[in-house]
Amino acid sequence: MAAADEVVLELDDIQSGALHERPSPYVGTYLLLRIDDSADGRELMRRLARLVAAGVPGAEAAQTAWITVAVSYRGLEALGVPQSSLESFAPEFREGMAARAEELGDVGPSAPEQWEAPFGTPDVHVAIAVLASDEAQLESVAAQARRAHEELPGIAIVWHQDCYQLPSGRTSFGFKDGIGQPSVEGSGRPPSNPHERPLKAGEIVLGYPDETGELPPMPSPEVLGRNGTYVVLRKLHTNVAAYRRYLRERAANRNDEALLGAKMVGRWQDGAPLAVSPEHDDHELGADPARNNAFRYGDDPRGLKCPVGAHARRGNPRDALDGDGSVNVRLHRMIRRGTSYGPPLPEGVLDDDGADRGIVFVFAGAHLKRQFEFVKTQWLNDGVFIGAPNEADPLIGSHHHGATDFTIPQRPIRRRLTEIPPFVTTRGGEYFFAPSLSAMRWIAALGGSGEDDERDAP
Ligand code: HEM
């Protein structure tokens, strides 16, 4: 019986960033830290374990800010995690994102040699995301963080990036984002798509059975791996002016421009899915959380409503791949927690103003390889799975195989966009592990007696 099978997640031990939505809109900051002194690093973990957000966020949302902490492989090393534990992490996590660049399509201007320092170097150890409903709350937490940092000279802040979500939820290309998310068994978060069963918890959090019925490979000891999740962070610069100019050149008129943009994404700017509203934008549909993710693609196999090559349909083909039985889409789902950075390019501007703007893409899931890497390499960067080897994702594809076309199926004849320039450049990224609260305390106690993890606890 479903109820008897339902897993009980240890929510109070799991950082809530993966499983729960953030306040909306929000402002925030990402920090990357380098640990120069392992004792200071462990003291940092002890302090952060008290600050990270866990549990189910209360309806009262009295929380001043949401802090999420994640550690890279190099960070675990710098914290003094024993070698046998280090070796128990997923191979791609241990390699780090820069080593996977070729496969991920991070080549040319997106290659690690071009990344912002310190991405791609061994100096990226800890990532901290702080999100708050307004600037004042963010500043009060940032002040706490600065104080803690001043007291720990063995920790250096090596990168920071302010970020935000606009009240409209739109990001730099003008589209509302963060709508399509899987629901997760035991998270307490209701599904937004009634056609998709909640995912097994082990797809997102380690220590619970996943969709294969097995426990995902978990770092050891159990206290370190259990209730943790892998995190991907990528700073993605968006060339909004080039994107707008391309649409302007190819479209017959302004309505056509909006249609081409929507066909590339799979949704209209305000979030209405093409699968439900293929002909025209529907603002009410886009704004309605009960309807804006409640759809399938199975009745549209040729993509007449939503092109099979559209970004959101590539990222999550839903039931459209069920037919041939070769791919189980549920093994390739992910939680996305992207945020915007940089000033929006004012409406109507077609010339680049040189500003750095885009998305800090954040993934959370239990399987870096079969979730993030699979979707990026097989579905977004490649067109073979939809029978279009000359095509890559029209919005974010890296085009490194020279795949620059995009087909819009329509009657009587399909429409084809060609020579689509790359609109997105990777400015840096890394693979992280977001440990549970007990894992953070376990790390904090390394190097000591092993029994003092609660010292000074309030
Ligand atoms: C600059 C980079 C990106 C932009 C501007 C972007 C934009 C969007 C937008 C506008 C949507 C539709 C809204 C929604 O369904 O939530 C979307 C959906 C999605 N994107 Fe992206 N995205 C970017 C990068 C990525 C990357 C790197 C991945 C994965 C490797 C990804 C995976 C997905 C997935 C899985 C969906 C949800 C599809 C669904 O569940 O229906 N995106 N993205």
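Placed above this text is the structure.
Cut-offs and rules
Residues numbered from 1 in each chain as written. Predicted model: local features only at pLDDT ≥ 70, side-chain atom pairs only at ≥ 80, totals over all residues. Heavy atoms only, no water. Helix = DSSP H or I, 4+ residues; strand = E, 2+ residues; numbered from the N terminus. Rg over C-alpha atoms; globule rule 2.2 N^0.38 Å. Buried < 20%, exposed > 50% of the residue type's maximum accessible area, 1.4 Å probe, protein only. Contact = heavy atoms within 4.5 Å. Areas by Shrake-Rupley, 256 points an atom, 1.4 Å probe, with all protein chains shown as cover. Lys, Arg positive; Asp, Glu negative; His and termini not counted. Charge placed at Lys NZ, Arg CZ, Asp CG, Glu CD. Donors = N, O, S within 2.8 Å, 3.2 Å for Na, K, Ca; no water. Salt bridge = Lys/Arg side-chain N within 4 Å of Asp/Glu carboxyl O. Near = heavy atom within 4 Å. Polar contact = N/O pair within 3.5 Å; in protein donor to acceptor, adjacent residues only side chain to side chain. Nonpolar A, V, L, I, M, F, W, Y, C, P; charged D, E, K, R; others polar. Core = buried A, V, L, I, M, F, W, Y, C linked by side-chain atoms within 4.5 Å. Axes fitted to C-alpha atoms, helices over the stretch in contact; angles between N-to-C directions. Parallel < 35°, antiparallel > 145°, perpendicular 65-115°, else oblique. Left-handed = near helix turned anticlockwise from the far one by under 90°. Phe/Tyr/Trp six-rings, centres within 6.5 Å; stacked < 30°, edge-to-face > 60°. Lys NZ or Arg CZ within 6 Å of the ring centre and 35° of its normal. Pairing = 2+ DSSP bridges.

**Points about the overall build of the protein chain**
On a plain count of helices and strands, the protein chain comes out with 15 helices and 11 strands. Compactness check: the protein chain gives a C-alpha radius of gyration of 22 Å against a globular reference of 23 Å for 458 residues, within 12% of the reference. If you line up the protein chain on its principal axes, its C-alpha atoms span 75 × 55 × 45 Å. Buried residues in the protein chain amount to 54% of all 458 residues. In the protein chain, 72% of the contacts between residues at least 6 apart in sequence involve partners at least 24 apart. Roughly 19,400 Å² of accessible area belongs to the protein chain as shown, and the carbon and sulfur atoms make up 51% of that amount. Each charge sign in the protein chain was given a centre, from 48 positive and 66 negative side chains, and these centres are 5 Å apart.

**Focus on the coordination of the iron atom of the ligand**
A lone protein donor contacts the iron atom of the ligand, and this donor is His-311 (NE2), found at 2.1 Å. With respect to the helices and strands, His-311 occurs in helix α13 (residues 311-315).

**A few points about the pattern of salt bridges**
What the rule picks out here adds up to 31 salt bridges. The salt bridge partner of Glu-257 is Arg-254, with a shortest N-O separation of 3.8 Å. With Glu-257 and Arg-254 both in helix α11 (residues 254-265) and three residues apart, this pair spans about one turn of that helix. A relative accessible area of 15% means that Glu-257 is categorised as buried.

**Looking at unusual backbone geometry**
Where the residue is not glycine, phi is negative for most of them; where a peptide bond is considered, it is trans in most cases. Cis rather than trans, the peptide bond between Ser-24 and Pro-25 has omega equal to -5°. Mapped onto the elements of the fold, Pro-25 is located in the loop between α2 (16-19) and β1 (26-35). The phi angle at Arg-318 is positive, at roughly 50°, despite the residue not being glycine. Along the polypeptide, Arg-318 turns up in the loop between α13 and β6 (335-336). With a phi angle near 45°, Glu-419 is a residue other than glycine that sits in the positive phi range. You can call Glu-419 exposed: its relative accessible area is 61%.

**Topic: the site of the ligand**
Near the ligand, the surroundings consist of 24 residues, among which Ile-179, Gly-180, His-311, Arg-318 and Arg-336 are the closest. Here an oxygen atom of the ligand sits 3.5 Å away from a polar atom, N or O, in the side chain of Asp-177. The side chain of Asn-316 places a nitrogen or oxygen atom 3.0 Å from an oxygen atom of the ligand. Of all the secondary-structure elements, those providing two or more residues to the shell around the ligand are β5 (229-238), α13, β8 (358-365) and α14 (368-380). Grouping the amino acids of the shell around the ligand by side-chain chemistry returns 12 nonpolar, six polar and six charged.

**What about the nonpolar core?**
Membership of the largest hydrophobic core comes to 97 residues, with the highest contact counts inside it found for Met-45, Val-69, Phe-93 and Ile-128. Once residues lying within four places of it in the same chain are set aside, the contact partners of Phe-93 are Val-71, Ser-72, Tyr-73, Leu-76, Tyr-230, Leu-368, Tyr-431, Phe-432 and Phe-433. Formed by 14 residues, the second largest nonpolar core is a distinct cluster that contains Leu-11, Leu-199, Ile-204 and Tyr-208.

**Here we look at the packing of helix α10 (residues 240-250) against α11**
One way to put it is that α10 packs onto α11 with a least axis distance of 9 Å and a crossing angle of 125°. The pairing of α10 with α11 is recorded here as oblique in orientation. Seen from above, α10 lies across α11 with right-handed handedness. Here Tyr-243, Leu-247, Arg-248 and Arg-250 of α10 come into contact with α11, specifically with Arg-254, Asp-256, Glu-257, Leu-260, Gly-261 and Met-264. The residue inventory of the contact of α10 with α11, partitioned by class, reads four nonpolar, one polar and five charged.

**Here's the deal with the packing of helix α3 (residues 38-51) against helix α15 (residues 437-445)**
Relative to each other, α3 and α15 sit at 150°, their axes nearing to 8 Å. Classified by the interaxial angle, the pair formed by α3 and α15 is roughly antiparallel. Seen along the crossing, α3 lies across α15 with a hand that is left-handed. From α3, Arg-42, Met-45, Arg-46, Leu-48 and Ala-49 reach across to α15, where they touch Leu-437, Met-440, Arg-441, Ile-443 and Ala-444. For the contact of α3 with α15, the class distribution of residues is seven nonpolar, no polar and three charged.

**Things to note about the environment of Asp-393**
Examined against the element boundaries, Asp-393 turns out to sit in the loop between α14 and β9 (406-408). The class of Asp-393 is buried, set by a relative accessible area of 0%. Residues Asp-393 and Glu-43 lie 350 residues apart in sequence; the distance between their C-alpha atoms is 44 Å. When sequence neighbours within four positions are dropped, the list of residues in contact with Asp-393 reads His-311, Arg-314, Leu-380 and His-399. A distance of 2.9 Å separates a polar atom in the side chain of Asp-393 from the backbone nitrogen of Ile-396.

**Concerning the side chain of Thr-407**
Note on placement: Thr-407 falls in strand β9. Residue class for Thr-407 comes out buried when judged on its relative accessible area of 13%. At a separation of 3.3 Å, a polar atom in the side chain of Thr-407 contacts the side chain of Arg-416. Excluding its chain neighbours within four sequence positions, the residues that come into contact with Thr-407 are Pro-307, Glu-391, Arg-414, Arg-415 and Arg-416.

**Observations regarding the packing of aromatic side chains**
All told, the structure shown has 16 aromatic pairs when counted by the stated rule. Grouping aromatic residues by their ring pairs yields a cluster made of Tyr-73, Phe-89, Phe-93, Tyr-230 and Phe-433. Above the ring of Tyr-208, the side-chain terminus of Arg-226 is found at 4.9 Å from the ring centroid.

**What about the pairing of strand β2 (residues 65-71)?**
Of all the seven residues making up β2, six are buried; the element is thus mostly covered by neighbouring parts of the structure. Examined bridge by bridge, β2 and strand β3 (residues 126-132) share seven bridges and lie antiparallel to one another. Bridge assignment links Val-71 to a residue of β3, and that residue is Val-126.

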